[in-house]
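# Structural characterization, general
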Amino acid sequence: MCGVAVRNSSIRKMSLRTSSQLALQLKSSVFFTTGLSGYHSFVSSRTADVCGVALKATNSVNSRFFSTAYGKKLRFLISNKSSFINPNINREDGGAAHRYFHRSERRQSTLAACSTIADEASTSTSKCSESGTGTKKDIAKNKNSGGSKKEVSTDVKEKKVSTKKKSSSTKTSKSAANTTEKASAKQEEKKADTSKSKKGVGSSKERKTVTSSKKSLEAKESAAIAAAEANNYMKTTVDASGSERRPLVPLYPPLAKSVVVVESVTKAKVIQQYLGDMYEVLPSYGHVRDLARRSRSVRPEDDFSMVWEVPNGAWTCLKSIKVALKGAENLILASDPDREGEAIAWHIKEMLEQNLACHVTVARVVFHEITEDAIKNALMSPRYIDMDLVNAYLARRSLDYLIGFAISPLLWRKLPGCQSAGRVQSAALSVVCDRETEIEKFSPQEYWTADTEFETQCSDSSKGICLTSWIKHLNSKKLDQLSISSQEEARALEKRIYSCQFEVRGVHRSKIHKNPPMPYITSSLQQDAANKLHFGAGHTMKVAQKLYEGINLSSEQATGLITYLRTDGFHISHGAAEDIRSLVKQRYGEQYASEDIRKYLKKVKNAQEAHEAIRPTSIRRLPSSLIGVLDEDSLKLYTLIWRRTMACQMEASRTELIQVGIGNPEGDMIFHSSASRLDFKGYQAVYEDTEASGSSENPEGETAHQDNFEALSKLEMKDLVSPVNVNLEQHFTKPLSRYSEGALIKKMEELGIGRPSTYASIMRVLQDRKYVTVKSRVLHPEFRGRMVSAFLSHLFSEIVDYSFTANMETELDNISAGSTEWKGLLKDYWERLSKYCGDASQWDVRKVERMLEEKFRPILFPDLDTDSRICPSCSEGTLRFKVSRYGEGSFIGCDRHPKCKYIARTLSDEDDENETSEQIPRSFEPRLLGIMPDTSEK
């Protein structure tokens, strides 16, 4: 085995076990790397006994020429400039992932070069012995001539080598013979002849006579084998960076020991039961490292380099993985199938790469559901870590860090007590605060309704049927909500109704087909859980995570009950859809199943659609079978998912609708009455299936309005009806309601703010920062949150704009697709953010207070103008809005502070919780704060 000596000179030499040397002249700085001599199958070991082989690499990108000392030139096709880099590890710039190959692939990658050089030696054995002495003399001559360096030309001209007509020594002949035997080691049928050639050590002439023809044949065959293996190695896949990689072989059934890393302990235990002893499944407990929680962890001036830190608990996890890898050949990273999961896999590989043996293959697999078949199928399709997804994660994480650590210090200085700002949380806070502003600016309007009861006139019976109708046209004009705007108009209409005769002017029958709802994605599951089960977004995701990771069932081993819970795709796999339709036919009948598999293609803004919709892993596992196994909340959520999944592959419900128009003979006053009757349940049958769900709740089923259907169906044109009661009622328009968690998630989804994996965390951050409080399941913005939103909207208008976050998500998708360079994107955003920060730093606290005072004047001083805001204590100062320098909140006080310490009222969060808007004082009366101890003055 040869050693590699890397020097600063342009000539680098490789010392061989014999006195021969392999001189390598490099013109490309990325051509040769250290670590080459550590593996026996590389060129050095194949040519350990070959004398005087000299190689030269040019700057050519697509090919390399190598000239041997025997005058033959070899050309190798190379896909990149680092062709002789360590074939097991290929580093990329910018902290990109290192690519790992099998030991066998590492050997194959250099076999073409090794075998060809050996073949060159074998076919030129006679010249080898003659040139050995000359080569040594040439090297010695070069040393004696003051270290002059001569490059071996890579042109088409052949180099002439002077030889001496002397018989070579026995040692040199043995070396050439051994080299030939290594090149033809794969041909078992030639072993006998080769062993005979080893015995003929007496004279080189006798060896040439006996084995000349055999060696020639062996050389041709070994060259053919090497060419085939080289061609096989070239059949590789190309990753996003343009470098080539061989496809990974299936990891199931197992051929060697493998270590599988997942995110949670529960998931690890379940998967371990499926895979057996050849796999060791370990948890990573989420991210094993993150950006350091201090300033300058992302450094834009240093090409956005990052400083990572490892939590204390992660070291134990990494140590257990290192121990498990001893004797293992595969490291399988099976974190969640999303951008964060890809980043977790990358972090683990980066942390472990210094300790990974050369033969360990690092593979990435994704589990969309925790079932035995899904796990084993995923192991049969391993892949490399997707660096485009990792780059998207790095871009998102870096930008969020830069925004947070650039804006948050400004908040601390300008608005003490306001803790932080962020790209997504600030946009979500802006949505809540904008709705609050709309509510405050809303001006209610009065309007009246006139619902009328008509009685049919029947000739055969004195008892008619009452029909409730509402007015639709008046004076031949269609009425809207505000058409009757006063009580006088309503009374006049009432008199007119009683004074008129009415008849049936039209009967219209129709059928309404209502399609089943789409299967659940993350946002719609959170919305339905909030509306129907009263679950918060965080609690919904916590329960769903338990169902996904696996539950120990009494009748079978632990298994996951639902598919991956963070998704924005509506599609369902073909096999699962067929199973759903089969169960629908079995339980409800052929007519309830859809004719074909229903495919849902609704596009959510900025959706990745990388995963299936949320569904049970086995639709035949009925909710009723899990009673007593699951806790109450888990059973409720599973039932919700099971019903929706069943319904999405069922037929539409059909409702028969009848509409009757009632008007006066002139036709300028028309009333409308309608009724409906359910004709075919369709998908609603699953919501009434108490046997399957174990519950009588029917949140989706619609109760058809059948009370008046029979009466309306008997009416015919020109039938007379008379008004018996006119119900006048006063109303006022109402503002848009405040957001609930479910409604806010729906709005964020429409605007493209955030991702399925971030909705719950956004809700939690807004509440933890005391920017928003939840009262009766409704989000109320605190005044602190409104100050932050106003500050950001005024000084960082682009950051809190809805389109900024939505466009950023689009850019992250482009990075994931490999169409955008992530550092260039960060540079563009950072330049704009730096400008905003520079402008905001020029504002002092008093200027910020004046801006907020102007913004919230109707709230702070609802009944006072500027002239009426004289301080009642000193009668000289003016009442102003102020922010406590100690972060204790905001208040209204005298602007002559500290000379006058009068405080009219505070605007702390505690006061907001204890006082309603009606209890806020309209005038600022002096308050007794205490008595001066020396003068007893109040």
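Under an unreviewed UniProt entry, the name given to the protein chain is DNA topoisomerase, and the organism recorded is Aegilops tauschii subsp. strangulata. Recorded under Catalytic activity (unreviewed entry), the UniProt text for the protein chain is reproduced unchanged: "ATP-independent breakage of single-stranded DNA, followed by passage and rejoining."

### A word on the overall build of the protein chain
Each helix and strand in the protein chain was counted, giving 28 helices and 30 strands. Looking at the protein chain alone, contacts between residues at least 24 apart form 72% of all its contacts between residues at least 6 apart. About 46300 Å² of surface is accessible on the protein chain, with carbon and sulfur atoms providing 49% of the total.

### Focus on the environment of Pro-516
Residue position: Pro-516 is located in the loop between strand S22 (502-514) and helix H14 (522-532). Here the alpha-carbon distance between Pro-516 and Arg-644, two residues 128 residues apart in the chain, equals 8.6 Å. Excluding residues within four positions of it along the chain, Pro-516 makes contact with Arg-598, Tyr-600, Ala-647, Cys-648, Met-650, Ala-652 and Tyr-683.

### Some words on the side chain of Arg-869
Among the secondary structure elements, Arg-869 is positioned in the loop between helix H27 (857-860) and strand S28 (879-883). Since its relative accessible area comes to 1%, Arg-869 is described here as buried. Of note is the side chain of Arg-869, whose polar atom sits 2.7 Å from the side chain of Glu-853.

### Brief notes about the nonpolar core
Membership of the largest hydrophobic core comes to 169 residues, with the highest contact counts inside it found for Leu-331, Leu-637, Trp-642 and Phe-796. The element contributing the most residues to this core is helix H11 (residues 387-414), with 14 residues. In contact with Phe-796, not counting residues within four places along its chain, are Ile-407, Leu-410, Phe-791, Tyr-836, Cys-837 and Ala-840. Counting 26 residues, the second largest nonpolar core, distinct from the first, contains Leu-493, Phe-502, Ile-662 and Phe-709.

### Here we look at helix H21 (residues 759-768)
Taken together, the buried positions of H21 are Tyr-759, Ala-760, Ile-762, Met-763 and Leu-766. The arc that holds every buried residue of H21, seen down its axis, measures 165 degrees, which confines them to one face. Buried residues along H21 sit in contact with helix H12 (423-441), H14, helix H15 (537-549), helix H20 (741-751), strand S26 (772-775) and strand S27 (778-781). Once H21 finishes, Lys-770 follows within two positions and takes phi at roughly 60 degrees, a positive value.

### Re the sheet that holds strand S18 (residues 361-364)
Taken together, the four strands give an open sheet; going across it, the order is S12-S11-S17-S18, and neighbouring strands pair in parallel fashion. Unpaired on one side and paired on the other, strand S12 (279-283) and S18 mark the two borders of the sheet. Ignoring strand direction, the axes of neighbouring strands in this sheet form an average angle of 20 degrees. Strand direction decides the pairing type here: strand S11 (residues 258-262) and strand S17 (residues 330-333), joined by four bridges, are parallel. Of the residues in S17, the one forming a bridge with Ser-258 is Asn-330. With respect to the sheet, helix H8 (residues 312-324) is in contact with S11, S12 and S17, its orientation differing from that of S12 by roughly 170 degrees.

### Regarding the pairing of S12
Among the five residues in S12, four count as buried, and that is most of the element. Pairing of S11 with S12 involves five bridges; the strand directions are parallel. Note on S12: the bridge partner recorded for Ser-258 is Tyr-279.

### Regarding H14
Of all eleven residues in H14, nine are buried; the element is thus mostly enclosed. Within H14, the full set of buried residues consists of Thr-522, Ser-523, Ser-524, Leu-525, Gln-526, Gln-527, Asp-528, Ala-529 and Ala-530. The positive-phi residue at the C-terminal boundary of H14 is His-534, with phi of around 60 degrees.

### Details of unusual backbone geometry
Following Tyr-252, the chain continues into Pro-253 via a peptide bond in cis, with omega recorded as 0 degrees. In this fold, Pro-253 is placed in the loop between strand S10 (244-245) and S11. We note that Phe-304 has phi near 55 degrees; this positive angle belongs to a residue other than glycine. Along the chain, the position of Phe-304 falls in the loop between strand S14 (298-299) and strand S15 (305-306). Since its relative accessible area comes to 6%, Phe-304 is described here as buried.

Thresholds, definitions, all that
In this numbering scheme, every chain counts its residues from 1 along its sequence in written order. Confidence filtering applies because this is a predicted model: local features only for residues at pLDDT of at least 70, side-chain atom pairs given and counted only at 80 or more, and all residues used for totals across whole chains, interfaces and linings. Processing note: side-chain calculations cover all non-hydrogen atoms of the structure and skip hydrogens and water entirely. UniProt positions are given in the numbering used here, feature names are shortened, and annotations may be inferred rather than shown by experiment. Counting from the N terminus, the helices are DSSP H or I runs at least four residues long and the strands are E runs at least two residues long. Only heavy atoms matter for contacts: two residues are in contact if any of them lie within 4.5 Å across the pair. In these tables, accessible area is a Shrake-Rupley quantity obtained with a 1.4 Å probe, and a residue counts as shielded only by the protein chains included in the view. Burial classes follow relative accessibility: with a 1.4 Å probe on protein chains only, a residue under 20% of its type's maximum area counts as buried, one over 50% as exposed, and anything between as partly exposed. We call two N or O atoms a polar contact when they sit within 3.5 Å, provided that within protein one can donate a hydrogen and the other can accept it, with sequence-adjacent residues counted only if both atoms are side-chain atoms. As used in this record, nonpolar core signifies buried Ala, Val, Leu, Ile, Met, Phe, Trp, Tyr and Cys residues forming a set joined through side-chain atoms within 4.5 Å. It is the directions from the helix axis to the C-beta atoms that the arc portrays. Pairing between two strands requires that DSSP report at least two bridges joining them. Where helices are involved, their axes are fitted lines through C-alpha atoms of the stretch in contact, as for all axes, and angles between N-to-C directions lie from 0 to 180°.

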